[in-house]
Amino acid sequence: MEHKGTKRIETGRLLLRAFQPGDAEPMYRNWASDPEVTKFLTWPTHKSVEVSQAVVDSWVKESAGAKYYQWAIVPKELGEPIGSISAVKVNEETDSATIGYCIGRAWWGQGIVVEALRALIAFFFDEVEANCVNACHDPRNPNSGKVMRKSGMTYEGTWRAGGVNNQGICDEVWYSVLRKEYEAAREKGSEIQIYAEQITAKAEKASISRQILEALPEWFGIPEAREAYINDSREQLFFAAFDKVSRQPVGFLCLKETGKETAELAVMGVRREYHRQGIGRALFSGARKCAEEKGYEFLQVKTVQMGHYEEYDATNRFYQGLGFKEFEVFPALWGEQNPCQIYVMGLKGIS
């Protein structure tokens, strides 16, 4: 392996960097003092900020080593660490790295660790030239396994009584991804994976919608309208698509209830470079299934009437291709320059 040490890494929402002496207080406050965070970890809950300072000082001292990998997870909007992610073991004989991570309880369920782990997987394969990246979790902590699956790892097996953590002797559930698997996905180009589960964390919804909508000025170029879509997305049913290679969101769709029997496709966006790859249809398929399960009878969507703008003509054709039918045009709803076309779809009996 070509060791690079704790190299600074940026993702859409996060900065992964080496720890600094001033990180002890946020470490203690944000995660290390919480017994719920440390419940299934191998180090004890910190009893004071002095304990955190001693730990951070030791990390800072070791951070110059080329074989030392310990990152602070720093949301860009917050500017301070909320957790850590590291290679807890590097095996030179197998060219493998074992990853461990934890973040504060206030940030659980927002996709933050998934984003960080995806970035490290890419780093260890692309730059360190590892052959395998793996991780394990206590089966009593299934959400950690969910992170591994979302990051592209494959379940390998359960080592019964294979480890020790703060709960005593424990089983270890192991996941891994191999270099050849990572490279095969990259060679095939952009493969899109729609996660079966909905994204429910409000902050993650807003982050994904912002990334996508700001990349689509042709459709969402009015700042006030774009911000309204982003803010509203926090409260809506939310579906997202991710590029398996880059591990970044490439599209999303939101549904909102407009009546007891009707849900509306409130906003949808797919990055231009990923158009014509079936992403929109895949997002809609998941949203439609959700609407049916919730008992809605109809779906509706609003767009600019055909014949006014090339970009929106393509949008009209997309909705028509999904099976939406023209319902009514409201010429003045959005102003004379943007006549509003409403499409509807009946869900009863649709497979």
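The structure we're discussing is the one just above.
Basis of the calculations
- Residues numbered from 1 in each chain as written.
- Predicted model: local features only at pLDDT ≥ 70, side-chain atom pairs only at ≥ 80, totals over all residues.
- Heavy atoms only, no water.
- Core = buried A, V, L, I, M, F, W, Y, C linked by side-chain atoms within 4.5 Å.
- Buried < 20%, exposed > 50% of the residue type's maximum accessible area, 1.4 Å probe, protein only.
- Helix = DSSP H or I, 4+ residues; strand = E, 2+ residues; numbered from the N terminus.
- Expected span 1.5 Å × (residues − 1).
- Contact = heavy atoms within 4.5 Å.
- Axes fitted to C-alpha atoms, helices over the stretch in contact; angles between N-to-C directions.
- Parallel < 35°, antiparallel > 145°, perpendicular 65-115°, else oblique.
- Left-handed = near helix turned anticlockwise from the far one by under 90°.
- Nonpolar A, V, L, I, M, F, W, Y, C, P; charged D, E, K, R; others polar.
- Phe/Tyr/Trp six-rings, centres within 6.5 Å; stacked < 30°, edge-to-face > 60°.
- Lys NZ or Arg CZ within 6 Å of the ring centre and 35° of its normal.
- Right-handed = clockwise from strand over helix to strand, strands pointing away.
- Pairing = 2+ DSSP bridges.

(A) Region of the structure containing the nonpolar core. By size, the foremost hydrophobic cluster in this structure holds 37 residues, and its most contacted members are Trp71, Ile73, Ile85, Ile99, Phe124 and Met153. Listing elements by their share of this core, those giving two or more residues are strand S2 (14-17), strand S3 (70-75), strand S4 (83-91), strand S5 (96-103), helix H4 (112-126), strand S6 (132-137), helix H5 (142-150) and strand S8 (168-178). It is H4 that provides the largest number of residues to this core, a total of twelve residues. Core analysis: the next-biggest nonpolar cluster, separate from the first, contains 25 residues, Ala241, Val270, Tyr343 and Met345 among them.

(B) Region of the structure containing helix H7 (residues 202-214). Taking 1.5 Å per residue as the helical rise, H7 with its 13 residues ought to reach 18 Å, and the 18 Å between its terminal C-alpha atoms agrees with that figure. Looking at the packing, one finds that the buried side of H7 touches helix H8 (217-220), helix H9 (223-233), strand S10 (237-243), strand S11 (249-259) and strand S12 (262-270).

(C) Region of the structure containing the packing of H7 against H9. It is at 8 Å that the axes of H7 and H9 come closest, and there the two elements cross at 155°. Between H7 and H9, the crossing angle belongs to the class labelled roughly antiparallel. The handedness of the crossing between H7 and H9 is right-handed. Contacts between H7 and H9 involve Lys205, Ala206, Ser209, Arg210, Leu213 and Glu214 from the former and Arg226, Glu227, Tyr229, Ile230 and Ser233 from the latter. Of the residues that constitute the contact of H7 with H9, the class distribution is four nonpolar, two polar and five charged.

(D) Fine view of the packing of aromatic side chains. What the rule picks out here adds up to 17 aromatic pairs. When the ring of Phe238 is compared with that of Phe252, the centres are 5.2 Å apart and the planes differ by 10°; the resulting orientation is stacked. Pair noted here: Phe238 is in strand S10 and Phe252 is in strand S11, with a separation of 14 residues, a long-range link. Across the pair, exposure class does not vary: Phe238 and Phe252 are buried alike. Centroid distance Tyr319 to Phe324: 5.9 Å. Interplanar angle 75°. Geometry classified as edge-to-face. Each member of the pair, Tyr319 together with Phe324, is buried. Joined through ring pairs, the aromatic side chains of Phe284, Phe318, Tyr319, Phe324 and Tyr343 make up one cluster. Here Arg118 stacks its cationic end above the ring of Phe242, 4.7 Å away from the centre of that ring.

(E) Structural view of the pairing of strand S13 (residues 298-304). Summarising burial for S13: five of the seven residues are buried, a large majority. At this point the chain moves from S12, through helix H10 (residues 279-293), to the parallel S13, and the crossover so formed is right-handed. Summarising the sheet, S13 and strand S15 (residues 340-346) pair through seven bridges and their orientation is antiparallel. What sits directly across from Val304, in S15, is Cys340.

(F) Representation of unusual backbone geometry. Its identity is not glycine, yet Glu129 carries a phi of approximately 65°, on the positive side. Checked against the element boundaries, Glu129 lands in the loop between H4 and S6. One non-glycine residue, Ala161, adopts positive backbone phi at about 55°.

(G) Structural context of the sheet that holds S8. Strand order in the open sheet made by the eight strands is S1-S2-S3-S4-S5-S6-S8-S7, with mixed pairing throughout. The open sheet terminates on both sides in strands that have one partner only, identified here as strand S1 (9-10) and strand S7 (154-165). In terms of strand pairing, S4 meets S5 through eight bridges, oriented antiparallel. The partner of Lys89 across the bridge, within S5, is Thr98. Lying on the sheet, H5 is in contact with S5, S6 and S8; it crosses S6 at an angle near 160°.

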